[in-house]
Amino acid sequence: MSQWDASALAPLQVSEEGSNASLEWLEQDGQIVTWLWTRTELASAIEHRTREGSLSRLQRRQVLARLDSLAESWDEVADAVAVRSRAINLLARHPIRAADAGQLGAALLVQDHVAGPLEFLCFDRKLALAAELEGLQVLP
């Protein structure tokens, strides 16, 4: 089982550096676990790319449709109160953004409930370092 950060899921929606790695991870373990705010983070990235002109309106609709389809298949950590509590503590220990602290807090919550190590899939360097320091196995 792997916990997917938004930075690892975004390359599944649009072609970018990391797309091949994300596709490989998905083929190896099709079970995506992420936190409930991930879909919002991905929608934000899509809208940002549309506003800056790197996605056309047609591409935007196609990418959003792919996101909807993928999100239907993943499992979400929905305990916002527990994630928030962990995220606040993580912000005191690591130089990460609030959304990243939420991602990491969700991963740590999942880690508490699974047997064996939890892989954390992430392309954000600051978040990856924080996850490693918190004891998660980070890929890549």
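Above this note sits the structure.
(A) Spatial organisation of the overall build of the chain. Secondary structure summary: the chain contains seven helices and five strands in total. Secondary structure of the chain in N-to-C order comes out as β-α-α-β-α-α-β-α-α-β-α-β. Relative to a compact globule of 140 residues, whose C-alpha radius of gyration would be 14 Å, the chain shows 15 Å and is just as compact. Reported as C-alpha extents along the three principal axes, the dimensions of the chain are approximately 40 × 30 × 25 Å. Considering the chain as a whole, with its 140 residues, one finds that 43% of them fall into the buried category. Here the contacts in the chain between residues at least 6 apart in sequence split such that 66% fall between residues at least 24 apart.

(B) Inspection of helix α4 (residues 57-73) at higher detail. The terminal C-alpha atoms of α4 lie 25 Å apart, and with 17 residues this matches the ideal 24 Å at 1.5 Å per residue to within 8%. For α4, the complete set of buried residues consists of Arg60, Val63, Leu64, Leu67, Leu70 and Ala71. The arc enclosing the buried residues of α4, seen along the axis, measures out at 125°, which places them on a common side. Looking at the buried residues of α4, the elements they touch are α1 (6-13), β2 (32-35) and α3 (38-52).

(C) Up close: the pattern of salt bridges. Scanning the model with the defined rule gives seven salt bridges in all. Two residues, arginine 49 and glutamate 16, come together in a salt bridge whose shortest N-O distance is 2.4 Å. Here the residue arginine 49 occupies a position in helix α3, and glutamate 16 occupies one in the loop between α1 and α2 (19-28), the gap between them amounting to 33 residues. For arginine 49, a relative accessible area of 24% translates into the label partly exposed. On the basis of relative accessibility, which here comes to 27%, the residue glutamate 16 falls in the partly exposed class.

(D) A look at the pairing of β2. Neither face of β2 is exposed, since Ile32 and Thr34 on one face and Val33 and Trp35 on the opposite face are all buried. With two bridges connecting them, strand β1 (residues 2-4) and β2 associate as parallel partners. Bridge assignment links glutamine 3 to a residue of β2, and that residue is valine 33. Both β2 and strand β3 (residues 75-77) contribute to a ladder of three bridges, which runs parallel. Across the sheet, the residue bridging to tryptophan 35 is valine 77, located in β3.

Analysis parameters
- Residues numbered from 1 in each chain as written.
- Predicted model: local features only at pLDDT ≥ 70, side-chain atom pairs only at ≥ 80, totals over all residues.
- Heavy atoms only, no water.
- Helix = DSSP H or I, 4+ residues; strand = E, 2+ residues; numbered from the N terminus.
- Rg over C-alpha atoms; globule rule 2.2 N^0.38 Å.
- Buried < 20%, exposed > 50% of the residue type's maximum accessible area, 1.4 Å probe, protein only.
- Contact = heavy atoms within 4.5 Å.
- Expected span 1.5 Å × (residues − 1).
- Arc of directions from axis to C-beta.
- Salt bridge = Lys/Arg side-chain N within 4 Å of Asp/Glu carboxyl O.
- Pairing = 2+ DSSP bridges.

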